Structure formats: C-alpha cells, structure tokens
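Residue-level structural notes
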Amino acid sequence: VACDMAHVPLDDEVLDVAIFSLSLMGTNFTDYLREARRTLKLDGHLHVIEATSRFTTSRFPDRERFAKGLKRLGFAIVSVEDWWKFTHIHVVKTEVRPQEGVIF
C-alpha cells in the first residue's frame, strides 16, 4: 500500500517487526520512527539498515546520537553492527513512553 510513512494505514500495536532499509531519507524521519513505534506491539522489533556513510553527514545524527534518540523514543537497543557498507540497528519497543519534541 502506497502511503506516507509518517501516517501508515495500520492500527496501533499490530506489528511484530518493522524494517527500515535505506528509507530514512526524509527530513521528518523522526515521524517515521514514531509511527513504527505506534504500530509495533510491546516487545516488537525494529530493524534500521542504513548506509554507514549517512551517519557521518551533517544532516543525519551520528550512530551514537541516533541510538540515544531511539532510546528517547521508547526503544531498547539490542545491537548496533556494521554490515559491509551498512549499519544495522536492532531495537525493541519498551513500555517507556516516548519523549515529545526534538529527539535527534
């Protein structure tokens, strides 16, 4: 289904897994991550796979800041790994309420 990733046509807490693969290109990528959290069940898994080079640009947070931002969104870090030219970040949705406002 084609849609705005910040507003997907799914009910709350219906997904076990969400995957972002080279898809956090928009300036509102925080909205995408908030939407993933909304649609994931408690203990649902989020996988983010992005080009490692993206974490070194001024437009995008570095890996440490990105991981801290995911924690502020209510995720627990499982792993942050390099896969060839890509970074794989695996997190799990927790009961922690996401912070409002600027995250990254």
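Before reading on, note that the structure itself is shown above.
Residue numbers here run from 1 along each chain, matching the order of that chain's written sequence. Per-residue local features of the predicted model are confined to residues with pLDDT of at least 70, and side-chain atom pairs are confined, for both listing and counting, to 80 or more; whole-chain, interface and lining totals are unaffected and use all residues. Note: side-chain values were computed over all heavy atoms of the structure, leaving out hydrogens and water.

Each helix is a run of H or I in the DSSP string that is no shorter than four residues. Each strand is a run of E no shorter than two, and both are numbered from the N terminus. As for its position among the elements, Thr-87 is in strand S4 (residues 86-93). A polar contact of 3.4 Å, which involves the side chain of Thr-87, links it to the side chain of Asp-82. Two residues qualify as a contact provided that any one of their heavy atoms is within 4.5 Å of a heavy atom in the partner residue. Those residues within four positions of Thr-87 in sequence are excluded, and the remaining contacts are Val-48, Ile-49, Glu-50, Thr-52, Phe-55, Arg-63, Val-80, Glu-81 and Asp-82. By the criterion applied in these results, polar contacts are pairs of N or O atoms within 3.5 Å in which, for protein atoms, one can donate a hydrogen and the other can accept it, and in which residues neighboring in sequence qualify only through two side-chain atoms.

With that settled, consider the pairing of strand S2 (residues 40-51). When strand S1 (residues 15-21) meets S2, the two strands line up parallel, connected through six bridges. What sits directly across from Ala-18, in S2, is Leu-46. With the strands pointing away from the viewer, any crossover whose connection runs clockwise from the first strand over the helix to the second is right-handed. In terms of handedness, the path from S1 via helix H1 (residues 29-39) over to S2 forms a crossover that is right-handed. Any two strands between which DSSP finds at least two bridges are classified as paired. For S2 and S4, the ladder comprises seven bridges, and the chain directions are antiparallel. Looking at the pairing, Ala-51 lines up with Phe-86 of S4.

Phi at Leu-22 is positive, roughly 55°, even though this residue is not glycine. Among the structural elements, Leu-22 can be located in the loop between S1 and H1. A residue is classified by how much of its surface remains accessible, and Leu-22, at 41% relative accessible area, is partly exposed. Backbone geometry places Trp-84, a non-glycine residue, at a positive phi of 55°. Among the secondary structure elements, Trp-84 is positioned in the loop between strand S3 (75-83) and S4. Type-normalised accessible area, obtained with a 1.4 Å probe on protein chains alone, sets the label of each residue: buried when under 20%, exposed when over 50%, and partly exposed for intermediate values. Using a relative accessible area of 74% as the deciding quantity, one classes Trp-84 as exposed.

This part takes up the pattern of salt bridges. A carboxyl oxygen of Asp or Glu within 4 Å of a side-chain nitrogen of Lys or Arg is what we treat as a salt bridge. Here the structure, examined in full by the defined rule, presents seven salt bridges. A salt bridge links Arg-38 to Asp-12, with the shortest nitrogen-to-oxygen separation between them at 2.5 Å. Here the residue Arg-38 occupies a position in helix H1, and Asp-12 occupies one in the segment before S1, the gap between them amounting to 26 residues. Since its relative accessible area comes to 51%, Asp-12 is described here as exposed. One salt bridge in this structure joins Lys-68 and Glu-64, with 3.2 Å as the shortest N-O distance. Taken together, the positions of Lys-68 and Glu-64, both in helix H2 (residues 63-72) and four residues apart, correspond to about one turn of that helix. Where salt bridges share partners, they join Asp-12, Glu-35 and Arg-38 into one cluster.

Remember, this is a structural readout, not a statement about activity or role.
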